[in-house]
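Examination of the molecular architecture
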Amino acid sequence: SLIGICEIGLVVPHVAAACQQLEEQYSIPRFHKGPYLDDFAVMGGADGLLIISKEGRGWVPTGQLAQHAGGHVVVERSGAEVTIPI
């Protein structure tokens, strides 16, 4: 079993639109330490981060191109579970 996960990568076609949706629909904030770029952004906080990458961007440290894999992420916000399609 897992105790926690630090980061989950989400590959999207439009980073800014995905980040806006995460903020507005799921109340997930931009990570205060950033970065927030056109092709890469970090959302969340000390309890867990969502790494938002544009499809086709090289993934650090391997350089492998980011690909959308589908699925969903379940996060807990203020004691309630929220399912986010990815």
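That block above? That's the structure.
For every chain, the first residue of its written sequence is number 1, and the numbers climb from 1 along that sequence. A pLDDT threshold of at least 70 governs which residues receive local features in this predicted model, and a stricter bar of 80 or more applies before side-chain atom pairs are shown or counted, although totals over entire chains, interfaces and linings include all residues. Note that the side-chain values use all heavy atoms of the structure and ignore hydrogens as well as water.

**So, the overall build of the protein**
Threshold: Per the convention used, a helix needs a DSSP run of H or I reaching at least four residues, while a strand needs a run of E reaching at least two, with both numbered from the N terminus. For the radius of gyration, the atoms used are the C-alpha atoms, and the globule rule reads 2.2 Å times the number of residues raised to 0.38. Relative accessibility under 20% of the residue-type maximum defines a buried residue, over 50% an exposed one, and the middle range a partly exposed one, all with a 1.4 Å probe and only protein chains included. Contacts: residue pairs with any heavy atoms within 4.5 Å of one another. Note that His is not counted, nor are the chain ends; the positive residues are Lys and Arg, and the negative ones are Asp and Glu. By convention, charge coordinates are those of NZ in Lys, CZ in Arg, CG in Asp, or CD in Glu.
When helices and strands are counted, the protein shows 1 helix and 5 strands. Each helix (α) and strand (β) of the protein, taken in turn from the N terminus, gives the series β-α-β-β-β-β. Its C-alpha atoms give the protein a radius of gyration of 13 Å, within 12% of the compact-globule value 12 Å for 86 residues. Along the first, second and third principal axes, the C-alpha set of the protein runs to 35 × 30 × 25 Å. A burial count over the protein gives 28% of its 86 residues as buried. If you take every contact in the protein between residues at least 6 apart in sequence, the share linking residues at least 24 apart comes to 40%. A distance of 7 Å separates the average location of the 5 positive side-chain charges in the protein from that of its 9 negative side-chain charges.

**Observations concerning unusual backbone geometry**
With omega at -5°, the peptide bond leading from Gly-34 into Pro-35 counts as cis. Here the residue pair Val-60 and Pro-61 is connected by a cis peptide bond, since its omega of 5° sits within 30 degrees of zero. Looking at where Pro-61 falls in the secondary structure, it is placed in the loop between strand S3 (48-54) and strand S4 (72-77). One non-glycine residue with positive phi stands out, namely Ser-27, at about 55°. Assignment of secondary structure puts Ser-27 in the loop between helix H1 (15-26) and strand S2 (40-45). Overall, Ser-27 belongs to the partly exposed group, its relative accessible area being 47%.

**Regarding the side chain of Ser-53**
Within the fold, Ser-53 resides in strand S3. If near-sequence neighbours (up to four positions away) are discounted, Ser-53 is found in contact with Leu-10, Val-11, Val-12, Val-15, Asp-39, Phe-40, Trp-59 and Ala-66.

**Here we look at the sheet that holds S3**
Here is the rule we go by: Being paired, for any two strands, means DSSP has found at least two bridges between them. In this analysis an axis means a line fitted to C-alpha atoms, helices contributing only their contacting stretch, and an angle means the value between N-to-C directions, from 0 to 180 degrees.
Strands sit in the order S1-S3-S2 across an open sheet of 3 strands; the sheet is mixed. The open sheet is flanked by strand S1 (7-12) and S2, the only strands paired with a single partner. Taking each pair of neighbouring strands and ignoring which way they run, the sheet shows an average axis angle of 20°. Bridge count between S1 and S3: 6 bridges; the pairing is parallel. The partner of Val-12 across the bridge, within S3, is Lys-54. Contacts between H1 and the sheet are confined to S1, S2 and S3, with S3 contributing the most and set at about 150° to the helix.

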